[in-house]
Amino acid sequence: EQQEEDVLRELRLFLRNVTERLSLDRRFKAFTKPVDIEEVPDYMLVIRKPMDFSTLLTNIDEQKYVTVGEFMSDAELIWQNALEYNPDSDPMDRHIRHRACALKDTVRAIIRDELDEDFERVCEEVKESR
Ligand SMILES: COC(=O)N1C[C@@H]2C[C@@H]3O[C@]2(Cc2nccnc23)C1
C-alpha cells in the first residue's frame, strides 16, 4: 500500500545517491560502464555476471531492489569481477585490483555510516510480505 511505496521510493533515492557519488569518483572510472566486449572479447567467457554503476542505476529505476541487501549483491559483483578478471602481477592488473578493493571498502563504509538499520529492517519486512 502507500506506506510500502513510500519506503521503496526512499530506498531508490538512497541507492541512486550512493551510486551517483561512486560514479563521480575518478578512482572508479573503470567501473562506470560495462566492460567493452569489442575491446575485451574474452570478458564474457570469464565473467558470468558483468556489473557496473550504469547497470546498477538502471536496475534501481526499474525497481529491481526492495532491500539494500539485494543492491549490495549486485554492487559486490563489480569488485569481485574485477579481482577475478585481473588476477595477474602486472602493473595494470594490480592497479585495477587496488581500485576494486578501494571500491569495496568505500561502499561498505557508506552503508555502515549512512544506512539506518531500522530503515533496512522495514525494507526486509516489505520483501517478506511479497
Ligand atoms: C572493470 O574493468 C575491467 O575489469 N577491465 C578489464 C579489461 C582489461 C583491460 O582493462 C579493462 C578494459 C580494457 N580494454 C582494453 C584493453 N585492456 C583492458 C577493464
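Residues numbered from 1 in each chain as written. Predicted model: local features only at pLDDT ≥ 70, side-chain atom pairs only at ≥ 80, totals over all residues. Heavy atoms only, no water.

S.K.: Would you mind going over the overall build of the protein in detail, with residue names and values included?
M.R.: Scanning the protein for helices and strands turns up six helices and zero strands. Each helix (α) and strand (β) of the protein, taken in turn from the N terminus, gives the series α-α-α-α-α-α. When its C-alpha atoms are laid out on the principal axes, the protein stretches across 50 × 30 × 25 Å. Burial status across the protein gives 38% buried among its 130 residues. Once local pairs closer than 6 in sequence are excluded, the contacts in the protein between residues at least 24 apart make up 69%. By element, 51% of the accessible surface of the protein is carried by carbon and sulfur atoms, the whole surface being about 8100 Å². Of the charged side chains in the protein, 20 are positive and 31 negative, and the gap between their average positions amounts to 4 Å. (Helix = DSSP H or I, 4+ residues; strand = E, 2+ residues; numbered from the N terminus. Buried < 20%, exposed > 50% of the residue type's maximum accessible area, 1.4 Å probe, protein only. Contact = heavy atoms within 4.5 Å. Areas by Shrake-Rupley, 256 points an atom, 1.4 Å probe, with all protein chains shown as cover. Lys, Arg positive; Asp, Glu negative; His and termini not counted. Charge placed at Lys NZ, Arg CZ, Asp CG, Glu CD.)

S.K.: I'd like to hear about the side chain of Thr32, residue by residue, with values.
M.R.: Looking at the secondary structure, you find Thr32 in the loop between α1 (2–24) and α2 (43–46). Accessibility expressed as a relative area gives 18% for Thr32, which makes it buried. At 2.7 Å, the side chain of Thr32 and the backbone oxygen of Lys29 are in polar contact. Filtering out sequence-adjacent residues up to four positions away, Thr32 remains in contact with Ser23, Asp52, Phe53 and Ser54. (Polar contact = N/O pair within 3.5 Å; in protein donor to acceptor, adjacent residues only side chain to side chain.)

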